[in-house]
Every structure is written in structure tokens, then in C-alpha cells.
Amino acid sequence: MPGQLFDNALNQPGMPFPLLKVLVHSRAMNFLRGKRILLGVSGGIAAYKSAELVRQLRVAGAFVRVVMTPAASEFITARTFQALSGERVWCDWSDDRTAMEHIELARWAETILVAPATADTLARLAQGRADDLLAAVCLASNAPLAVAPAMNQAMWRHAATQHNVLVMQQRGVSVLGPASGAQACGETGPGRMLEPVELVEHLSASFANGLLAGLKVVVSAGPTREPLDPVRFFSNRSSGKMGYAVARAAREAGALVDLVSGPVVLESPAGVDCVRVETAAEMHREVMARMADCDLYIGAAAVADYRPLSPAGDKIKKQEQTRSVELEPVPDILAAVAALEQRPLCVGFAAETGRLEEYAQKKRIQKGVEMIAANRVGKGLGFETDDNELLLVWDGGSCLLERDHKPILARRLIEQIAALYARLAKSKSGSKPVEHHAKHSA
Ligand code: PMT
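Keep in mind it's a predicted model, so treat the numbers as computed, not measured.

**Q** Can you break down the packing of aromatic side chains residue by residue, with the values?
**A** Within this structure, the stated rule accounts for zero aromatic pairs. Residue placement shows Lys 35 over the ring face of Phe 207; its charged tip is 5.0 Å from the ring centre.

**Q** Lay out the side chain of Gln 153 with the relevant residues and their values.
**A** Mapping Gln 153 onto the fold places it in helix H8 (residues 153-157). When sequence neighbours within four positions are dropped, the list of residues in contact with Gln 153 reads Gln 183, Glu 187, Thr 188, Gly 189 and Pro 190.

**Q** Now, about the sheet that holds strand E17 (residues 345-352): what can you tell me, with residues and values included?
**A** Reading across from one edge, E13-E12-E9-E14-E17-E18-E19-E20 is the order of the eight strands in this open sheet, with mixed pairing throughout. The open sheet has two edge strands with one neighbour each: strand E13 (273-276) and strand E20 (397-405). Along the sheet, successive strands turn relative to each other by an average axial angle of 15°, direction set aside. Bridge count for strand E12 (residues 256-261) against E13 is four bridges, and the pairing is parallel. Bridge pairing in E13 places Asp 258 opposite Asp 273. Contacts from helix H15 (residues 406-427) reach strand E14 (296-299), E17, strand E18 (371-376), strand E19 (387-394) and E20 within the one sheet, and its direction differs from that of E20 by about 160°.

**Q** How would you sum up the pattern of salt bridges? Please name residues and give values.
**A** Inspection of every chain in the model, using the stated rule, returns 31 salt bridges. Measuring nitrogen to oxygen at the nearest pair gives 3.4 Å for the salt bridge that ties Arg 36 to Asp 404. Within this pair, whereas Arg 36 is found in strand E1 (residues 36-41), its partner Asp 404 is found in strand E20, the two being separated by 368 residues in sequence. Looking at Arg 36, the relative accessible area reads 9%, which means it is buried. Residue Glu 358 pairs with Lys 362 through a salt bridge whose shortest N-O separation is 3.7 Å. Here Glu 358 and its partner Lys 362 are both found in helix H14 (residues 356-367), four residues apart, which amounts to about one turn of the helix. Ionic contacts of the salt-bridge type, sharing partners, join the residues Lys 216, Asp 258, Arg 285, Glu 286, Arg 290 and Asp 293 into one network.

**Q** Residue-level account of the site of the ligand, with values.
**A** In the vicinity of the ligand there are 29 residues, among which Ser 238, Ser 239, Gly 299, Lys 363 and Asn 375 approach most closely. At a separation of 2.6 Å, an oxygen atom of the ligand approaches a polar backbone atom of Gly 299. Between Lys 363 and the ligand, the recorded distance is 2.3 Å, taken from a side-chain N or O atom to an oxygen atom. A total of 770 Å² of accessible area belongs to the ligand in isolation, and the protein chains cover 96% of it. Elements supplying a minimum of two residues to the shell around the ligand: helix H11 (241-252), helix H13 (333-338), E17 and H14. Per-element accounting of the shell around the ligand gives the leading share, four residues, to E17. Here the shell around the ligand is built from residues that sort into 14 nonpolar, eight polar and seven charged.

**Q** Describe the sheet that holds strand E2 (residues 63-68), listing the residues and the values that go with them.
**A** The strand order across the open sheet built from six strands is E3-E2-E1-E4-E5-E6, with neighbouring strands paired in parallel fashion. Lying at the two open borders of the sheet, with one neighbouring strand each, are strand E3 (89-90) and strand E6 (174-175). Summarising the sheet, E2 and E3 pair through two bridges and their orientation is parallel. Bridged to Val 67 within E3 is Trp 90. Where helix H4 (residues 78-85) meets the sheet, its contacts fall on E1, E2 and E3, and the angle it forms with E2 comes to roughly 170°. Lying over the sheet, helix H5 (residues 101-108) contacts E1, E2 and E3, oriented at roughly 145° with respect to E2.

Scoring rules and cut-offs
The residue numbering used here restarts from 1 in each chain and proceeds along that chain's sequence as written. Per-residue local features of the predicted model are confined to residues with pLDDT of at least 70, and side-chain atom pairs are confined, for both listing and counting, to 80 or more; whole-chain, interface and lining totals are unaffected and use all residues. Side-chain numbers here rest on the full set of heavy atoms in the structure, without hydrogens or water. Working definition: rings of Phe, Tyr and Trp (its six-membered ring) pair if their centres are within 6.5 Å, and the pair is stacked with planes under 30 degrees apart, edge-to-face with planes over 60 apart, and tilted otherwise. Any Lys NZ or Arg CZ that is within 6 Å of a ring centre and within 35 degrees of that ring's normal is treated as a charge sitting over the ring. Helix and strand definitions follow DSSP, with helices as H or I runs of at least four residues and strands as E runs of at least two, each counted in order from the N terminus. In this description, contact between two residues means that some pair of their heavy atoms is separated by no more than 4.5 Å. Two strands make a pair as long as DSSP finds a minimum of two bridges between them. The convention used is that axes are lines fitted to C-alpha atoms, helices contributing only their stretch in contact, and that angles between N-to-C directions extend from 0 to 180 degrees. The term salt bridge refers to a side-chain nitrogen of Lys or Arg lying within 4 Å of a carboxyl oxygen of Asp or Glu. Residue burial is assigned from relative accessible area. The probe radius is 1.4 Å, only protein chains are included, and a residue is buried under 20% of its type maximum, exposed over 50%, and partly exposed in between. In this text, near means that some heavy atom of the residue lies within 4 Å of the molecule or strand in question. Within 3.5 Å is the distance limit for a polar contact, defined as a pair of N or O atoms, with the added protein rule that one can donate a hydrogen and the other accept it, and that residues adjacent in sequence qualify only through two side-chain atoms. Method for areas: the Shrake-Rupley scheme with a 1.4 Å probe, in which residue coverage is limited to the protein chains shown. Three categories are distinguished: nonpolar for Ala, Val, Leu, Ile, Met, Phe, Trp, Tyr, Cys and Pro, charged for Asp, Glu, Lys and Arg, and polar for the others, with Gly belonging to the last.

These figures come from the coordinates and say nothing about function on their own.
Pasting the structure below:
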């Protein structure tokens, strides 16, 4: 798992200092884990640094795909990038132009970084050309675009390059660098590509958004285990992936996040306070203990509905005859939070096998919450899987978040929740969400 690489790398003996610096620094603010970065490499001597850039992005937990211009292949081989990224590398259009690779790559990318971006590449991107694969991907993608210029200082200072840079900046492109100093051509001045460690920091910071800035968010995730005897329990298939992705996305949105997690094998997201529990009763206690200053509760955990009424004190011995277990209902944590007098905005999840909208709306009303994120479970979606699809329902509206990786869906979910939060705060100005919004500092 890419994220594990990030933490493991901190313990590598002999790790180069700049990498150590970015990783240590990023412990609190690494927003790259699970992100899909498309790296464009154009033909300049700085292309050798792009190999280290790919490595550092992978260490930080990102997925990286590399698209090289034909000129880039004269400076560095595709094989180097393939080995470091663990992905296929695209060097130009394939013979089969109908393959729509540029569209597929454009859709895949969550952000595009062209590093190095030569003077020629900048000129062609500024003009919106699509005559090589990289330029076509940049044109076809809605993802944010960043460029890291690298060229001779006179080429950088030339009015044509400066004009191209301005045009791109006006279009919203982030221009990272260049740095000034000694150049490969023997001259000195601006035109050096930023170091990989600096580009990683820029990219990481670009994923931070302030949608929930200053809010206190509590997220529940994973399954619960309800003991039958000291060695057996009732549980479910929840892996925690969805809830952890939501906690991470809320953190990236600037919230202070507490994660109350059932037993899962995932690492706590960086910058999130995580408390681990086992049973629904423990989850109930830990969630309620965090409600005093909570602005937003997101219940992604698959909490038991029933538990054995009287768990056996000793291991139950195998017997020939059938055995029944008496179950009692488990308190509903989400409903309990929603019933508090001073309550946060509440978002619940619902795992359904059909009639999603109808059941989700019923559940929303029944539990008295503002939003339900319903997932259709089965067919590679919902429990345990890396992908999900969510139908969000609220009072008077709904919206489908189409199938995607859970981290990406989680960020879209947070955007929708932030929008709902803002709408409710506006319509009930003077109500609790508004007061709370002012209460926490970012
Ligand atoms: O963990 P993953 O493998 O990534 O899978 C994600 C998921 C499918 C578990 C997740 O997306 C999801 O749907 N979680 C809620 C599943 C569920 O238990 O749904 P429910 O219909 O039983 O509960 C509805 C809501 O009430 C949920 O917000 C749940 O947290 C809450 N609840 C339920 C029972 C209970 N005793 N207390 C609760 O708070």
C-alpha cells in the first residue's frame, strides 16, 4: 500500500536529508496519500530530477503516471519511470489513435504537474496545442495544472517565455519556480527546476482546501465486534476504507478530525486523532464523549444492530444439537447524536442492496439526520472494496457521486457536506452551526 511506504521510509537508514525533511515535515500535512498525479516530463536536462520526484511522490503515498514528450526520451528512459512509478509510462501517442489514451489519462489525473517544463513546452501549453500526447492530455483534463519551468536563464527571461507564463497564470496554471543559480550550460541565473522535495511540498499543499476550516469533525469507521464468548464475536465485512478516507478528506478540508474506529488494519490518517474501539458500546461511549464541541458527525461505521444478550464468560463448547443465541438491540449512535440538544450536523451512511433513494430518505428521517450517503453494496462496491458509489440524500434533494476510488469519493462527499453545512448555516443564521463555525480556529 503506497501509504505504508511513506511511514516505512522514515525508518530507512541512509535516507537522503531532503527526503527526510519533506517526510518528517509532511507527517502533519502529507495530503498526497492516494492521490493520482500525472507527471509530464519534457525534454530538458532537469528530466533526471523527475526520477527522484516520482520516487518521492510514491513514498508520500501518491499514485504516479508519467507521460514523456518525445524529446524527454533523449534525456531519460521510460524504463526508469516505469520502475519507480510501478505503472506503464506513456512516451507519445500509441499506434492506435482510437485508443483515446489522452482522454483516459486526462480523466485519471487528479492533478497534472509538468516537470521539467521546457520553454517549448510552456509555449505549446500556453497556445493550447494538442500535437503530442502530453499537450493533448493537458488540454483534455479538468484537473489543476502546475508547471515547473527549467531552461537556460536567457530563454526564461525572454519576453516570449514571460508572456507565455503570464497567459498560463491568468488561466489558473500554477507556475512553480524556477529557482536561480548555476545552470547546466555554465551560466548563472533563473531557470533551474525546483528540487523534487519542493515540488512535492507544493503538490501536497495544493490538495489542502479550507472547506471545513476550523470545524471539529468526528468520524466513525469500520465494523464493531459483539462478543459471543471470549473468542468469538458477531461482526461484519467493513474494512474501514470508506470512513478512513472520509476522515482524511475532512482533515484536508481544514477540519480538526477525531476518528473513532472499529477494528481494522488501516493506519490512522496523518493529522487525525484516532481512537480504536471494539464493540458498539465502546464506539457509542467514545463518540458521545466527543460531542461537546463537535460541528459535524459523519457515521461511516458499520455498527452492529444487535448483540448477544448474555455473552458467555467461558468459551462455548461444541455440541451436537443446534444452539440459539438471544440478541438484544444495540443503541443507535447516529440517532443518539442527532437527538442531542446541542447537536452537530449529522451525516449517516446506509448500506443497501436496492431502492437506494427511498430507503436512504426513510433512514434520514427515521434517524433525524441532515444527510445520508447511501451505498449499494455488492458487485465490487461498498464493503471491503477500494471503489464505491454514493447516493447522497438530504431534505429536498439528492445527488449521485459516481463510482470511483473511496479517497476520491470521500473528497466529493466532503464538498457536498460543506455545501450543505453552508446552506443550513445561511438559512438558520444564528443557529448552532454558525456559532460553531466561529468557535474553532483553523
Ligand atoms: O468500511 P468499508 O469496507 O470501506 O465499507 C464502507 C461501508 C459500506 C461500511 C460504509 O460505506 C457504510 O455504508 N457504512 C454504514 C453501513 C451501515 O451499517 O449502514 P446501516 O444502514 O446499518 O446504518 C445506518 C447508519 O446508522 C450508519 O451511519 C451507521 O453508522 C449508523 N448506526 C447503525 C447502527 C447503530 N447501532 N448505530 C449507528 O450509528
